[in-house]
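Residue strings, one per chain:
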Amino acid sequence: MRESLATTARRIASVAQELVGAQRWVIYSVGPDGHAGEVLWAQEDERRCAAYFSGYHLEDPLAPHRIAATPKGVACLSQRLASGADPQARYRREFMQPYALSDALDMLLPVNPSMSLGVSLLRDAPHPGYSRTQVQALTDFYVLASQLLALQEREASPETGARARLAQRCPQLTGRELDIALAVAGGMPNKLAARHAGMSPSTVKTHLHSIFRKCGIANRSQLARLVLG
């Protein structure tokens, strides 16, 4: 994982920890299937973390696939337990109580279409559970954190940067023309570019002629220099 993303994620967790008064935090990957992948970074008791992933994570009311549809991607463990979202008392009896977990606040932060980050903010017993004010504070913070990650991801993407440059240099290009220009400038032949764009090679050729005319260039080499230069 990129170091810039790692640094940003840890900073987000640190700020969130101070915001809601958590004792510990864990950041984990979430795959496109909505399930937790692996712990990436943590300020957490190793014994409790190991116990959680020994099987209790499957019963967690805050498992990512269970809170993915939650507004703002934020959910509170104590609120879910109180609302009856904990069908198995075993999670509370065999995990929370023996491992001194008072409460947890989780938020899911989208990074790109294939990955999200889960951030768990943990309260150790005997500290009280999170208040509704603290849950709302994290919900507000979630919006800012999501925007920060999205901005960083866009800036880190070479394709996004190239698209932005070309759009600035040739503002007359349509969105579809930008797609074709980026594909062709990257070395794609017309047939492959057509397959990726869901159109015929002849339509790609028509778009290319329009791109050349609008950008004042004559061939693919000049297009590559315009896009990548």
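First, a word on what this report is: a plain description of the structure on this page. Just so you know, these numbers come straight off a predicted model, no measurement behind them.

### Some details on the pattern of salt bridges
The full count for this structure, using the stated rule, is eight salt bridges. With a closest N to O distance of 3.7 Å, Glu44 and Arg24 form a salt bridge. Remark: Arg24 occurs in strand E1 (residues 24-30) and Glu44 occurs in the loop between strand E2 (36-43) and helix H2 (46-52); sequence separation between them is 20 residues. Look at Arg24 and you get partly exposed, because its relative accessible area is 27%. The residue Glu94 makes a salt bridge to Arg90 at a minimum N-O spacing of 2.9 Å. One end of the pair, Glu94, and the other, Arg90, are both in helix H5 (residues 89-96), four residues apart, so they sit about a helical turn from each other. Take Arg90: its relative accessible area is 31%, and that puts it in the partly exposed class.

### What about the sheet that holds strand E3 (residues 74-76)?
Strand order across the open sheet formed by five strands is E2-E1-E5-E4-E3, with antiparallel pairing between neighbours. Of all the strands in the sheet, just E2 and E3 have a single pairing partner and so form its edges. For this sheet, the mean inter-axis angle between neighbouring strands, taken without regard to orientation, is 20 degrees. Where strand E4 (residues 101-112) lies against strand E5 (residues 115-124), ten bridges are found, and the strand directions are antiparallel. If you follow Ala104 over to E5, its bridge partner there is Leu122.

### Structural notes on the packing of aromatic side chains
This model, assessed by the stated rule, comprises five aromatic pairs. Judged by centre distance (5.5 Å) and plane angle (35 degrees), the rings of Phe95 and Tyr99 are tilted. Taking relative accessible area as the criterion, Phe95 reaches 2% and is therefore assigned buried.

### Some thoughts on the packing of helix H9 (residues 190-197) against helix H10 (residues 201-215)
One can describe the packing of H9 onto H10 by two numbers: an axis separation of 8 Å at closest approach and a directional angle of 100 degrees. It follows that H9 is roughly perpendicular to H10 by the angle criterion. On H10, the residues that touch Asn190, Lys191, Ala193 and Ala194 of H9 are Pro201, Val204, Lys205 and Leu208. Counted by class, the contact of H9 with H10 contains five nonpolar, one polar and two charged residues.

Reading guide: rules and limits
Residues numbered from 1 in each chain as written. Predicted model: local features only at pLDDT ≥ 70, side-chain atom pairs only at ≥ 80, totals over all residues. Heavy atoms only, no water. Salt bridge = Lys/Arg side-chain N within 4 Å of Asp/Glu carboxyl O. Helix = DSSP H or I, 4+ residues; strand = E, 2+ residues; numbered from the N terminus. Buried < 20%, exposed > 50% of the residue type's maximum accessible area, 1.4 Å probe, protein only. Pairing = 2+ DSSP bridges. Axes fitted to C-alpha atoms, helices over the stretch in contact; angles between N-to-C directions. Phe/Tyr/Trp six-rings, centres within 6.5 Å; stacked < 30°, edge-to-face > 60°. Parallel < 35°, antiparallel > 145°, perpendicular 65-115°, else oblique. Contact = heavy atoms within 4.5 Å. Nonpolar A, V, L, I, M, F, W, Y, C, P; charged D, E, K, R; others polar.

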